[in-house]
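Observations on chain architecture
The lines below spell out each chain.
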Amino acid sequence: MSARSTFKIWYGVHQWTSLVCTLFMLLLCLTGLPLIFAEEIDLALGRNIAAPERPADKRQADVDAIVADALARRPGDTVQFLVGDADEPALWSVRLGKTAASSDVSAFYLYDARGGEFLHDVPLDSGFINLMFRLHYDLFAGLAGSLLLGAMGLLLLASLVSGAVLYHYHMAKLPFGSVRRAGSSRLRWLDLHNLLGIATLVWLAVVGLTGVVNTVAEPIFQRWQDTELAAMLAPYQGQAPVSGQGRAGAALTAALRAAPDMTLSFMAFPGNEFAGPRQFVAFLQGNTPLTSQLLTPVVIDAATSEVLAKRELPAYVKALLLSKPLHFGNYGGLPLKCLWLVLDLIAIAVLISGVYLWLARRRWRLPAVAGAAA
């Protein structure tokens, strides 16, 4: 096959994969911009609050007192999860629902993890960041929307590979990164498009690949729940449900004792789909930048606070958990978020310049075709 034929094949792949996914990629880049700073925006809008200043030697709050306070605020509801925060260890949250297994959340309360004071009633399923997240995650279409975005992500990856090949063809006789001043404006746009594309190639590939992984989060977690977690809880199925909410404080203490140097990510209460009928399941995270993104489930008896089981997550779930912070750049503090912002803006410029080049090429070809027909 001649070099010209090979070039035409790669050009066709790049053109059509790019055209099909561009609108979706623009949407994802635009909605991703505020999501990079989701925590900061929610704090500025008053939808969340920072942990108050307290003496460094303040003792840890009574978990059972926090649970009791949350239940008193929603009589008749049930606590589903106690939630920690690796970035804000001074904060705990309590999620409630009509029942322990209900998929609908009735309240999400924020507490001081040191003194136990109620801090904030977090608004549910509303606000600017929630709108951006739903558009970015599933287009308000559930799993079907997530899978559609995943397919667009695969097209993006194909576009990046073909674009890198085309860049080699275009720049074979030019210095790397050249933007030719002489010639038409379309030629300058082409060089600029190529330069910005190759400069962000690795970042776009990483964000695209992790985005594809994130779109299958629901089936991945469902598979883990149906296999690994079900195996952990199988010996206790059929037991009579525990009365009340169990001894949450003692269960958490036992879980942390069984996994030293770890902290709470979240703890599912008995009757929840992530727990047993008489068992808590605490999901603990490490204290390093890497291990803080991973989880270790620990099963605890709700009546005796005995640790019944503990195991690591399988590799495919770990890959998903590691992809989430890498996708949004929220594991390296504000400097990394600012870098993600700059790269996102450049990606938007690449997408817009690509559309311009396609439209400009069509305008250039139409007169030529008309002339040949005459």
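One can find the structure itself at the top, above this paragraph.
Residues numbered from 1 in each chain as written. Predicted model: local features only at pLDDT ≥ 70, side-chain atom pairs only at ≥ 80, totals over all residues. Heavy atoms only, no water.

Overview of the pattern of salt bridges
Overall, the coordinates contain eight salt bridges when judged by the stated rule. For Arg 73, the salt bridge is made with Asp 69, and the minimal N-O distance between the two is 2.7 Å. Taken together, the residues Arg 73 and Asp 69, both in helix α3 (residues 63-73) and four residues apart, mark about one turn of the helix. The partner of Asp 77 in a salt bridge is Arg 74, with the nearest N and O atoms 3.0 Å apart. What makes Asp 77 buried here is its relative accessible area of 9%. Members of the salt-bridge network, linked through shared partners, are Arg 74, Asp 77 and Lys 98. (Salt bridge = Lys/Arg side-chain N within 4 Å of Asp/Glu carboxyl O. Helix = DSSP H or I, 4+ residues; strand = E, 2+ residues; numbered from the N terminus. Buried < 20%, exposed > 50% of the residue type's maximum accessible area, 1.4 Å probe, protein only.)

A few points about the packing of aromatic side chains
According to the stated counting rule, one finds 13 aromatic pairs in the structure shown. Centroid distance Trp 189 to Tyr 356: 4.8 Å. Interplanar angle 45 degrees. Geometry classified as tilted. In this pair, Trp 189 sits in helix α6 (residues 185-199) while Tyr 356 sits in helix α11 (residues 333-373), placing the two residues 167 residues apart along the sequence. Measuring from centroid to centroid gives 6.1 Å for Trp 203 and Trp 340, while their planes differ by 80 degrees, and the two rings are edge-to-face. Here Trp 203, found in helix α7 (residues 201-215), pairs with Trp 340, found in helix α11; they are 137 residues apart in sequence, far enough to count as distant. For the pair Trp 203 and Trp 340, a shared accessibility class is recorded, and that class is buried. What links up through ring pairs into an aromatic cluster is the set Phe 81, Trp 224, Phe 266, Phe 274 and Phe 283. (Phe/Tyr/Trp six-rings, centres within 6.5 Å; stacked < 30°, edge-to-face > 60°.)

Quick word on the pairing of strand β1 (residues 78-83)
In terms of burial, β1 is a largely internal element, six of the six residues being buried. Bridge count between β1 and strand β2 (residues 91-97): five bridges; the pairing is antiparallel. Note on β2: the bridge partner recorded for Leu 82 is Val 94. Where β1 and strand β5 (residues 263-268) come together, three bridges link them in antiparallel fashion. Looking across to β5, one finds that Val 83 is bridged to Phe 266. (Pairing = 2+ DSSP bridges.)

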